[in-house]
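Listed here are the chains, written in short residue letters.
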Amino acid sequence: QVQLVESGGGLVQPGGSLRLSCAASGRTFSSYAMGWFRQAPGKEREFVGSISYIGSITRYADSVKGRFTISRDNAKNTVNLQMNSLKPEDTAVYYCATGRSGYYYTPSPGNWDYWGQGTQVTVSS
């Protein structure tokens, strides 16, 4: 069984920054790609970004490219999402998820294996 726990969400003004973290346990974290997704009220869950098992490859949705950065620390079994220049449209519940291989990537949320409970990010003045 895999457990993922997100943290770091909160309320931030437009233009501000937040750093989300996802702590993993129960599987060999360092062997799998990790992904971040988000879901706004009334909308489908969407891909934000992903990182390969050793962090050599990152991918981002066009809507966050240049503003968000994913990193991971395999020694601590954590993956992070640094979010800068936040916009009101970034408001959502953010989730981390585990991939199915080291270089796993798909923007489809239905094809990721394990999910955290999510952390709320609200961008508002």
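Counting from 1, residues in each chain are numbered in the order their sequence is written. This being a predicted model, a pLDDT of at least 70 is required before a residue's local features are given, and a value of 80 or more before pairs of side-chain atoms are given or counted; all residues contribute to the totals for chains, interfaces and linings. Side-chain numbers here rest on the full set of heavy atoms in the structure, without hydrogens or water.

K.L.:
What exactly am I supposed to notice about the side chain of T119 here?
P.N.:
What counts as a helix is a DSSP run of H or I of at least four residues, what counts as a strand is a run of E of at least two, and both are numbered from the N terminus. Within the secondary structure layout, T119 lies in strand β10 (residues 119-123). Buried, partly exposed and exposed residues are distinguished by accessible area as a fraction of the type maximum, computed with a 1.4 Å probe on protein chains only: under 20%, between the cut-offs, and over 50%, respectively. On the basis of relative accessibility, which here comes to 11%, the residue T119 falls in the buried class.

K.L.:
I would appreciate a short explanation of the sheet that holds strand β1 (residues 3-7) in the present structure.
P.N.:
Paired through their backbone hydrogen bonds, the strands of a sheet run either parallel or antiparallel. For two strands to count as paired, DSSP must find a minimum of two bridges between them. In space, the 4 strands of this open sheet follow the order β1-β3-β8-β7, with antiparallel pairing throughout. Across the chains shown, the open sheet's two edge strands, defined by having one partner strand only, are β1 and β7 (68-73). Here the average twist between neighbouring strands, direction ignored, is 15 degrees. Examined bridge by bridge, strand β3 (residues 18-25) and strand β8 (residues 78-83) share 6 bridges and lie antiparallel to one another. By the bridge assignment for β8, S21 is matched with N80. To get an axis, a line is fitted to the C-alpha atoms, and for a helix only the part in contact is used. The angle between two axes follows their N-to-C directions and goes from 0 to 180 degrees.

K.L.:
Looking at this structure, how should I read the packing of aromatic side chains?
P.N.:
We describe a pair of aromatic rings using the distance from one ring centre to the other and the angle between the two ring planes. Classification of ring pairs uses Phe, Tyr and Trp, with its six-membered ring standing for Trp, and accepts pairs whose centres are within 6.5 Å; under 30 degrees between planes counts as stacked, over 60 as edge-to-face, and the remaining range as tilted. Taken as a whole and judged by the stated rule, the model has 7 aromatic pairs. Each ring, one from Y53 and one from Y103, has its centre 5.2 Å from the other, and the planes form 85 degrees; the classification is edge-to-face. Residue Y53 is located in the loop between β5 (46-51) and β6 (58-60), and its partner Y103 is located in the loop between β9 (92-98) and β10; the two are separated by 50 residues in the primary sequence. According to the relative accessible area criterion, Y103 is partly exposed, its value standing at 44%. Site record: aromatic cluster; members linked through ring pairs are F37, F47, Y95, Y104, Y105, W112 and W115. Geometrically, a lysine NZ or arginine CZ counts as sitting over a ring once it is within 6 Å of the ring centre and also within 35 degrees of the ring normal. Between the NZ or CZ atom of R45 and the centre of the ring of Y95, over which it lies, the distance is 3.7 Å. It is R72 that lies over the ring of F29; its NZ or CZ is 4.4 Å from the centre.

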